[in-house]
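# Chains, contacts and geometry: an overview
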Amino acid sequence: MLEIKNITKKFGKNVVLDNISFVVKAGEAVGILGSNGAGKSTLIEIIVGQIKATSGEVLLNGEKDVYKNVGIQFQEGVWPKGMTSKLLIKYFKKNWSKKFDDRTNDLIKIFELDKIMTKDLNQLSGGQKQRLNALLAIINNPDYIFLDEMITGLDLKMQLRLSDFFKELKKEKKTLVIISHIPEEVETLCDRVMIIDQGKIFLDKKLEEVVKTFGSVRNMLIKYYKGELHEK
Ligand SMILES: Nc1ncnc2c1ncn2[C@@H]1O[C@H](COP(=O)(O)OP(=O)(O)OP(=O)(O)O)[C@@H](O)[C@H]1O
């Protein structure tokens, strides 16, 4: 169980997260929606320990060292010249000298990275980097997986393939926290939907309830952006 307790984050005077609390149960898949700049990525970065909260705490199964059992899909980075997918995967798996195991080789094929394994990362396309980042999130088979706009910008074939792949992980009772601007991604993968609005939780509902009330996550989001949702 992941507990987010009274998280506030300020950058200078800017309050980006304002006393956010919620619990994610093991095996749950939560989709986090919201406007650009609402605080979604900051929230995930705090949960996984990449940045510090101004106040509040995050506990995973009652413990503070959340990073030990999570996988996070990093945003696109700038890499040293000569860094390749192969080297980066080895680094993440901490097995510089060993051959990849069967699971890793399968993942490389599923994510269609096999042909670009030894190419300089700075020469990869945006979608190729994104697929690599998504693979790194799961390479160590974590129980808690955080995906920040995982399929945005991928071609439809890869969007469907990765959605199917993460759907299978969900069946294995992995816990997923997904930031997305694509309502269909949330509807496909998640059983709980949240909207973050100006650093606060504006809406937190079961997918079932959203679909029953609005017909779809997209319809709910349209209502939200039109100012016709009053959840606060
Ligand atoms: N390191 C930083 N220093 C100062 N302000 C920051 C920093 N990181 C983020 N912010 C600000 O915090 C706010 C929330 O940013 P965040 O990236 O969490 O939004 P988001 O909801 O993920 O947006 P998007 O949908 O555009 O990815 C923004 O106003 C952003 O400018």
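First, a word on scope: everything that follows refers to the structure included in this document. The shown structure was predicted, so the numbers you read here are calculated from the model rather than taken from an experiment.

### Here's the deal with the site of the ligand
Taken together, F11, V16, S35, N36, G37, A38, G39, K40, S41, T42, E149 and H181 make up the full set of residues adjacent to the ligand. A distance of 2.9 Å separates an oxygen atom of the ligand from a polar backbone atom of G39. H181 is positioned with one of its side-chain polar atoms (N or O) 2.8 Å from an oxygen atom of the ligand. Protein burial of the ligand: of its 640 Å² of free accessible surface, 58% is covered by the chains. Here the shell around the ligand gets 3 residues from one element, more than from any other, and that element is helix 1 (residues 40-47). In terms of residue class, the shell around the ligand is built from 3 nonpolar, 7 polar and 2 charged.

### A few points about the pattern of salt bridges
For the structure shown, the criterion picks out 13 salt bridges. A salt bridge links K200 to D18, with the nearest nitrogen and oxygen atoms 3.3 Å apart. Within this pair, whereas K200 is found in strand 9 (residues 200-206), its partner D18 is found in strand 2 (residues 14-24), the two being separated by 182 residues in sequence. The exposure class of D18 is partly exposed, given its relative accessible area of 32%. The residue E168 makes a salt bridge to K171 at a minimum N-O spacing of 3.0 Å.

Conventions and cut-offs
- Residues numbered from 1 in each chain as written.
- Predicted model: local features only at pLDDT ≥ 70, side-chain atom pairs only at ≥ 80, totals over all residues.
- Heavy atoms only, no water.
- Near = heavy atom within 4 Å.
- Polar contact = N/O pair within 3.5 Å; in protein donor to acceptor, adjacent residues only side chain to side chain.
- Areas by Shrake-Rupley, 256 points an atom, 1.4 Å probe, with all protein chains shown as cover.
- Helix = DSSP H or I, 4+ residues; strand = E, 2+ residues; numbered from the N terminus.
- Nonpolar A, V, L, I, M, F, W, Y, C, P; charged D, E, K, R; others polar.
- Salt bridge = Lys/Arg side-chain N within 4 Å of Asp/Glu carboxyl O.
- Buried < 20%, exposed > 50% of the residue type's maximum accessible area, 1.4 Å probe, protein only.

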